[in-house]
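Residue-level structural notes
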Amino acid sequence: MEGQLTSRLGYGIEFHRGPEFGLQLLMDTWFQGYGASEIDKGTADEFEECFEFILGKKAWTDEDGYLLDAATKEPVQPKVKAAEFYAGRLDPSSGFTDGHHYLVLQPRNDEFLKRTALIIAAFDIDPAEDGEHADFAIEVTDPKYLAHMEKNRYFQTAFTGRLD
């Protein structure tokens, strides 16, 4: 599949040429809603997990820091403090949304790279001189990863392909 992208970060961006950028583009296109109805639930779940690998997974807590079940937001039994359960894996980030607190786990770039190898068969990018636009070509191991891209071959992204 071939397409074109524009960086939301503006001019002078240096796009990474590794296959992990190809996976980021597929994920971001899905996240932005392009063709989201075309993708099956299992693939959507995979993309969501990939976001957790590179951005860090949220660990939901109550106001006292006890771990909550991600789906139900009910206390995990037996009760355990999220900071103890995830000791050594927490990022300094935290937040509050929909009445619940959360901590963020450290990104798992190694897992993201493993997943990239399972999804991306080939990736090529040809950045324009302005550093804001690029043409790209992605080949995947299974057509399901491109189902949402068929109608949208041009989009914007804030990803650059780099992993922190």
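Look up a bit, the structure's there.
Residues numbered from 1 in each chain as written. Predicted model: local features only at pLDDT ≥ 70, side-chain atom pairs only at ≥ 80, totals over all residues. Heavy atoms only, no water.

Let's talk about the overall build of the protein
Operational definition: Counting from the N terminus, the helices are DSSP H or I runs at least four residues long and the strands are E runs at least two residues long. Accessibility here uses a 1.4 Å probe with only protein chains present; expressed as a share of the type maximum, an area under 20% marks a residue as buried, one over 50% as exposed, and anything in between as partly exposed. Here, residues are in contact when the closest pair of their heavy atoms is within 4.5 Å. Only the protein chains shown count as cover for residues, with accessible areas throughout obtained via the Shrake-Rupley method and a probe of 1.4 Å. By the counting rule applied here, Lys and Arg register as positive and Asp and Glu as negative, while His and the ends of each chain are not counted. We put the charge of a Lys on NZ, of an Arg on CZ, of an Asp on CG and of a Glu on CD.
Secondary structure assignment for the protein yields four helices and seven strands. Element order for the protein, N to C, with α for helix and β for strand: β-α-α-β-α-β-β-α-β-β-β. Summarising its shape, the C-alpha atoms of the protein cover approximately 55 × 35 × 30 Å along the three principal directions. Counting every position in the protein, which comprises 164 residues, the buried fraction comes to 40%. Long-range contacts, defined as pairs at least 24 residues apart, comprise 65% of the intrachain contacts of the protein with a sequence gap of at least 6. Accessible surface, the protein: about 9,100 Å² in total, of which carbon and sulfur atoms supply 48%. Charged side chains in the protein number 16 positive and 31 negative. The centres of these two groups are separated by 5 Å.

Quick notes on the pairing of strand 1 (residues 2-7)
Heads up, the condition is: Strand pairing requires that DSSP identify at least two bridges connecting the strands.
Judged from the five bridges that link them, strand 1 and strand 6 (residues 133-140) form a sheet pairing that is antiparallel. When the sheet's bridge partners are listed, glutamine 4 is paired in strand 6 with aspartate 135. One ladder, built from four bridges, connects strand 1 with strand 7 (residues 154-157); its direction is parallel. Bridge assignment links leucine 5 to a residue of strand 7, and that residue is phenylalanine 155.

Examining the packing of helix 2 (residues 41-55) against helix 4 (residues 109-119)
The relative placement of two packed helices comes down to the angle between their axes together with the axis-to-axis distance. Worth spelling out the cut-off: Only the contacting stretch of a helix is used when fitting its axis, a line to C-alpha atoms as for every element, and angles between N-to-C directions run 0 to 180 degrees. Crossings are assigned a handedness: left-handed for a near helix turned anticlockwise from the far helix by less than a right angle, right-handed for a clockwise turn. All amino acids are sorted into three groups, where Ala, Val, Leu, Ile, Met, Phe, Trp, Tyr, Cys and Pro are nonpolar, Asp, Glu, Lys and Arg are charged, and the leftover types, Gly among them, are polar.
Relative orientation of the contacting elements helix 2 and helix 4 amounts to 145 degrees, with a least axis distance of 8 Å. Relative to helix 4, the crossing made by helix 2 is left-handed. Every residue of helix 4 that contacts helix 2 at Glu46, Glu49, Cys50, Phe53 and Ile54 is listed here: Asn109, Glu111, Phe112, Arg115 and Ile119. Each residue belonging to the contact of helix 2 with helix 4 can be placed in one class, and the counts come to five nonpolar, one polar and four charged.

Looking at the nonpolar core
Applied cut-off: Here, nonpolar core refers to any group of buried Ala, Val, Leu, Ile, Met, Phe, Trp, Tyr and Cys residues whose side-chain atoms link them within 4.5 Å.
Ranked by size, the top nonpolar core spans 31 residues in total, and within it Leu26 and Phe136 carry the most contacts. Taken together, the elements giving at least two residues each to this core come down to helix 1 (19-31), helix 2, helix 4, strand 5 (120-127) and strand 6. Counting residues in each nonpolar core, the second largest holds five residues, with Leu67, Ala82, Tyr86 and Leu105 among its members.

A look at the sheet that holds strand 2 (residues 58-61)
In spatial order, the strands read 2-4-3; together these three strands make up an open sheet with antiparallel pairing. Since the sheet does not close on itself, it has two edges, and those belong to strand 2 and strand 3 (90-97), each with one partner. Averaged over all pairs of adjacent strands, the angle between strand axes in this sheet comes to 30 degrees, irrespective of strand direction.

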